[in-house]
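Per-entry structural report
Each chain is listed here by its residues.
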Amino acid sequence: MTAAGTSPRTDQTAAHRAAWAQRYADVRGRTVALTGPLSAEDQQIQSMPDVSPTKWHLAHMSWFFETFLLEPSLPGYAAFDPQYGFLFNSYYEAVGARWPRPERGLLSRPSLDDVLAYRRHVDAAMARLIETADEEVWSALEPLLDLGLHHEQQHQELILMDIKHVFSLNPLAPAYAPARARAAPEAPSLDFIRFDGGLVEIGHDGEGFAFDNEAPRHKVWLEPFALASRLSTCGDYLAFIEDDGYARPELWLSEGWGAVQREGWRAPLYWHEGEAGERLLFTLSGLRRLDPAEPVCHISLYEADAFARWSGRRLPTEAEWELASDHAAKPVSMAGAEPFHPQAAAPICGLQQMTGELWQWTASPYAPYPRYRPAAGAIGEYNGKFMSNQMVLRGGAAVTPEGHVRPTYRNFFPPAARWAFSGVRLADDAEY
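Residues numbered from 1 in each chain as written. Predicted model: local features only at pLDDT ≥ 70, side-chain atom pairs only at ≥ 80, totals over all residues. Heavy atoms only, no water.

**Here's the deal with the pairing of strand 3 (residues 218–222)**
Here strand 3 shows one buried face, formed by His218, Val220 and Leu222, and one open face, formed by Lys219 and Trp221. Across 5 bridges, the pairing between strand 2 (residues 198–202) and strand 3 is antiparallel. Paired with isoleucine 202 across the bridge in strand 3 is histidine 218. (Buried < 20%, exposed > 50% of the residue type's maximum accessible area, 1.4 Å probe, protein only. Helix = DSSP H or I, 4+ residues; strand = E, 2+ residues; numbered from the N terminus. Pairing = 2+ DSSP bridges.)

**Considerations on the sheet that holds strand 10 (residues 411–413)**
As a general point, the strands of a sheet are linked pairwise by backbone hydrogen bonds and lie either parallel or antiparallel. Taken together, 4 strands build an open sheet; the order of strands is 10-9-8-11 and the sheet is mixed. Among the strands making up the open sheet, the edge pair consists of strand 10 and strand 11 (422–423).

**What about the pattern of salt bridges?**
Evaluation of the coordinates by the stated rule reveals 26 salt bridges. Between arginine 248 and aspartate 243 there is a salt bridge, and its shortest N-O distance comes to 2.8 Å. Its relative accessible area of 25% is what places arginine 248 among the partly exposed residues. On the accessibility criterion, aspartate 243 (37% relative accessible area) is partly exposed. With its nearest N and O atoms 2.6 Å apart, the salt bridge here joins lysine 385 to glutamate 381. (Salt bridge = Lys/Arg side-chain N within 4 Å of Asp/Glu carboxyl O.)

**Remarks on the packing of helix 2 (residues 54–73) against helix 5 (residues 135–168)**
Packed helices, taken two at a time, are described by the angle their axes make and the gap between the axes. Put simply, helix 2 and helix 5 touch, their axes get as near as 9 Å, and they point 175° apart. It follows from the interaxial angle that helix 2 and helix 5 lie roughly antiparallel. Among the residues making up the contact of helix 2 with helix 5, the classes are represented as 15 nonpolar, 7 polar and 2 charged. (Axes fitted to C-alpha atoms, helices over the stretch in contact; angles between N-to-C directions. Parallel < 35°, antiparallel > 145°, perpendicular 65-115°, else oblique. Nonpolar A, V, L, I, M, F, W, Y, C, P; charged D, E, K, R; others polar.)

**A look at the packing of aromatic side chains**
In the structure shown here, the tally under the stated rule is 35 aromatic pairs. Residues phenylalanine 80 and tyrosine 118 carry aromatic rings whose centres are separated by 5.5 Å and whose planes lie at 35° to one another, so their mutual orientation is tilted. Remark: tyrosine 118 occurs in helix 4 (residues 112–132) and phenylalanine 80 occurs in the loop between helix 2 and helix 3 (84–88); sequence separation between them is 38 residues. We classify phenylalanine 80 as partly exposed; its relative accessible area is 32%. When the centroid spacing of 5.1 Å and the interplanar angle of 15° are considered together, the rings of phenylalanine 195 and phenylalanine 225 count as stacked. Residue phenylalanine 195 is located in strand 1 (residues 192–195), and its partner phenylalanine 225 is located in strand 4 (residues 225–228); the two are separated by 30 residues in the primary sequence. (Phe/Tyr/Trp six-rings, centres within 6.5 Å; stacked < 30°, edge-to-face > 60°.)

**Details of the nonpolar core**
Within the largest apolar cluster, 96 residues are counted, with the highest numbers of intra-cluster contacts made by Leu69, Met126, Leu145, Tyr176, Tyr237, Phe240 and Trp271. The element that contributes the greatest number of residues to this core is helix 5, accounting for 12 residues. Among the nonpolar cores identified, the runner-up in size contains 15 residues, and Val200, Phe225, Ala324 and Ala427 belong to it. (Core = buried A, V, L, I, M, F, W, Y, C linked by side-chain atoms within 4.5 Å.)

**A few points about the side chain of glutamate 338**
Mapped onto the fold, glutamate 338 is located in the loop between helix 9 (318–325) and strand 8 (359–365). Using a relative accessible area of 5% as the deciding quantity, one classes glutamate 338 as buried. Looking at glutamate 338, its side chain comes within polar contact range of the side chain of threonine 283, at 3.0 Å. Not counting residues up to four positions away in its chain, the partners in contact with glutamate 338 are Arg182, Thr283, Ser285, Arg288 and Gln343. (Polar contact = N/O pair within 3.5 Å; in protein donor to acceptor, adjacent residues only side chain to side chain. Contact = heavy atoms within 4.5 Å.)

**Topic: the packing of helix 1 (residues 11–34) against helix 5**
At a minimum axis separation of 10 Å, helix 1 and helix 5 run at an interaxial angle of 20°. Relative to helix 5, helix 1 is oriented roughly parallel. Where helix 1 crosses over helix 5, the two elements pack in a sense that is left-handed. Taken together, the residues of helix 5 that come into contact with helix 1 (itself represented by Thr13, His16, Arg17, Trp20, Arg23, Tyr24, Val27, Arg28, Arg30, Thr31 and Leu34) are Glu135, Trp138, Glu142, Leu145, Asp146, Leu149, His150, Glu152, Gln153, Gln156, Ile159 and Leu160. Considering only residue class, the contact of helix 1 with helix 5 consists of 9 nonpolar, 6 polar and 8 charged. (Left-handed = near helix turned anticlockwise from the far one by under 90°.)

Below, the structure written as structure tokens:
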């Protein structure tokens, strides 16, 4: 690819490029703003193999733009540091060798200042590329730029997920964001909303951005089903615990029961018991008393499934969830809500909390849709090669950037993962 940069443009074209430049600046700026409460020491820590240091996230996001847009398309672009390609490649085999994921916390160098300078270097080059690329080059770049910005938003969520795990292991229980006054409503009753099912279509329809794993749109047959009106709460889940839910193998999938025994699970991640026996919860605002009305969070697929069995219900399939999402109430604004944490359901009727509170486990394995084909080249490694031994989650969470979630969005994690903002919505079969 080449970028001429000298062809005249219409005012409409210039405005289009300016809008992209502004969107790029806004997304990249939000990433840096998310690191504002963190010290350089905070941003260095890797608390487990699945967690990446904040500093690594900051560098990797810049590596994506450098590798897939700047180096192929901006004439004369000089890499900030040739070694960064090895240090900050995540999993793209076609791009070359990379530093092992479990050892990212060992990268004390480059420093945080160096990484931030790297971001500024990439940002300046991206501004030139967006402004000067000729129309032929731009037509190929635009979808890659869109993908890169959504990729950055994914890492914004990961920054919060990962620093929460890091802080949870610190005996000082530090807060990322200051606590706010919280309402203490009671959870509304758990109702079940019936859906007729039938032959339905799911998947992205081609309008607007979507990751490749959300398509093609295709037909699915659904038997009649019912979906819970709200997410299951900490109080609901506490009843499961108090009924020896973690000690009853008949409730668990075999591998889930193995994880319970091996890992010593007795409650969701970040639940603690206080000196007086009260239940405490670690959040991004620090440690506080558990609220039984708020959605239960940070549970694995195994825990969600066992809880559903104990409840006499099951988890929804992703097709059921997607069909039902068209009938959900709009998210309710919670003024003064705790930052980056799911809120209790509102006292309204109908289906709620479908988006913006927690990623919701489904019973669907992460597999390709009919006629799915990954993109050619290294970009094709973005989603397709992970379609094994993972389960689908839907809905977005309180840490998901605004505008980043769609009804067709397919998140995925291994069934034992608990550090994601994951919860449970019950489903059931329905009569014809």
